[in-house]
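Examining the three-dimensional arrangement
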Amino acid sequence: MTRFARTVAAVALTTALALTAGCGDSDSDADAGSDGKALKKVTYLTSFGNFGRDAYAWVAKDKGFFKDAGFDVTIRPGQGTGGVIPAIVGGQAQFGPIDLTGGLLNMGNGQAKDFVAVAAVQQHTMAAIATTEGNGISKPKDLEGKRLADTPGSVVRNLFPTYARLAGVDATKVKWVNGEAQTLMGTLAGGSVDGIGQFVVGKPTVEAVTKKKAVLLPYSDVIPDLYGNVLITSKKNAEQDPESVRRFTAALLKGLEYSLAHTQEAAEILKRNVDTTNPTAAAAELELMAGYVTPKDGSGAVIGSLDSGRVAKSISILEDAGTLPKGMTPDQIIDFDLVPKG
């Protein structure tokens, strides 16, 4: 895709979000929260389309967790880290999840600023290359000479040079083409590419769409210390209304915890809101995601927590790989005052 075409697409997305988001910062609404006050209108972007892995936002809305916290939430499908960040910084949405590594790369390389992470969704990265049996890919080295598709700003694509270097792959021998979140799996099924950028939890959906056995190459096999998705908001929102950020975060994480404990119900809730949902695949995605959400380091950390030391280690890994300039610190991208505490 040419630079001009990318610019047109970005402008079109921003315009569409602006039209659908409406008065995102408005505090007035016909309904009231549990405290009797008018609900605050908020637009939330999912991480990547409307797959099972993002069902927890719909659950938080359906079960009344957002309303009880004082919010009237509109949920829109995101297009990965590279799409969610500018929409939130630009005010078209107020909250959304991005991959923390993708956020570090965007901020550290000067592609984005003025956003902060306020909670972890996954304690470990779920980034992966997904393919199917018969495409000749079973290990990282097999990616050489292959054609892969992903959205231009996705963390899988942006982190690939680091993954390739650490996995012993010549990244110059891998061809990337542009795709969209909702059509990537269809592109793989159609055979025009050998693999796609995907989260490991996408395996059931890949198999449902392609009708073939999925093969995944998780980035965590090579880079085990990276966090996965984190919830972000704009710096302006975090500074001007920290209490609202805390309440929204708590409601969203409540939806996340409920979804992992009731995967089938969460999948049915997603189906009611997104017609194209495959409930079986969505529930399977949530079951796979459960192991990535709960901290298991013995620290007693709660869901949503972020550790400064681990983030610093992630920064060091990216710096050593040559994909992130030296000098970035965890508090540049994370507001630890707003992160859930044990």
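Further up the page is the structure itself.
For the rest of this paragraph, the subject is helix α8 (residues 203-210). Of the residues making up α8, those classed as buried are Pro204, Thr205, Val206 and Thr210. Contacts from the buried residues of α8 go to β7 (127-132), α7 (184-190), β10 (195-199), β11 (214-218) and α12 (279-293). Note on α8: the residue one or two positions beyond its end, Lys211, has a positive phi of about 65°.

Moving on, we come to the packing of aromatic side chains. Inspection of every chain in the model, using the stated rule, returns 8 aromatic pairs. Relative to Tyr163, the ring of Phe160 has its centre 6.2 Å away and its plane inclined at 40°; by these criteria the two rings are tilted. Taken as a pair, Phe160 and Tyr163 lie in helix α6 (residues 155-167) at a separation of 3 residues, close to a single helical turn. When sorted by exposure, Phe160 lands in the same class as Tyr163, which is buried. Ring centres 5.4 Å apart and planes at 75° place the aromatic pair Phe160 and Trp176 in the edge-to-face group.

Next up on the list: the environment of Ser259. In this fold, Ser259 is placed in helix α10 (residues 242-261). Classification of Ser259 as buried rests on a relative accessible area of 0%. In this structure, the C-alpha to C-alpha distance between Ser259 and Ala60, residues 199 residues apart in sequence, is 8.8 Å. Beyond its immediate sequence surroundings of up to four residues, Ser259 is in contact with Ala55, Tyr56, Val59, Ala266 and Leu286. There is a polar contact of 2.7 Å between the side chain of Ser259 and the backbone oxygen of Gly255.

So, how was this worked out
Numbering of residues begins from 1 in every chain and follows the order in which that chain's sequence is written. Confidence filtering applies because this is a predicted model: local features only for residues at pLDDT of at least 70, side-chain atom pairs given and counted only at 80 or more, and all residues used for totals across whole chains, interfaces and linings. The basis for every side-chain value is the complete set of non-hydrogen atoms in the structure, without hydrogens or water. For every residue, the accessible area (1.4 Å probe, protein chains only) is compared with the maximum for its type, and the residue is labelled buried under 20%, exposed over 50%, or partly exposed between those bounds. Starting at the N terminus, helices and strands are each numbered in turn, a helix being any DSSP run of H or I of at least four residues and a strand any DSSP run of E of at least two. For this analysis, residues touch if any pair of their heavy atoms sits within 4.5 Å. Stacked, tilted and edge-to-face are the three classes applied to pairs of Phe, Tyr and Trp rings, where Trp contributes its six-membered ring and a pair requires centres within 6.5 Å; stacked means planes under 30 degrees apart, edge-to-face means over 60, and tilted covers the rest. Any N or O atom pair separated by 3.5 Å or less is treated as a polar contact, with the protein-specific requirement of one donor-capable and one acceptor-capable atom, and with residues adjacent in sequence counted only for side-chain atom pairs.

Keep in mind these numbers describe shape, not what the thing actually does.
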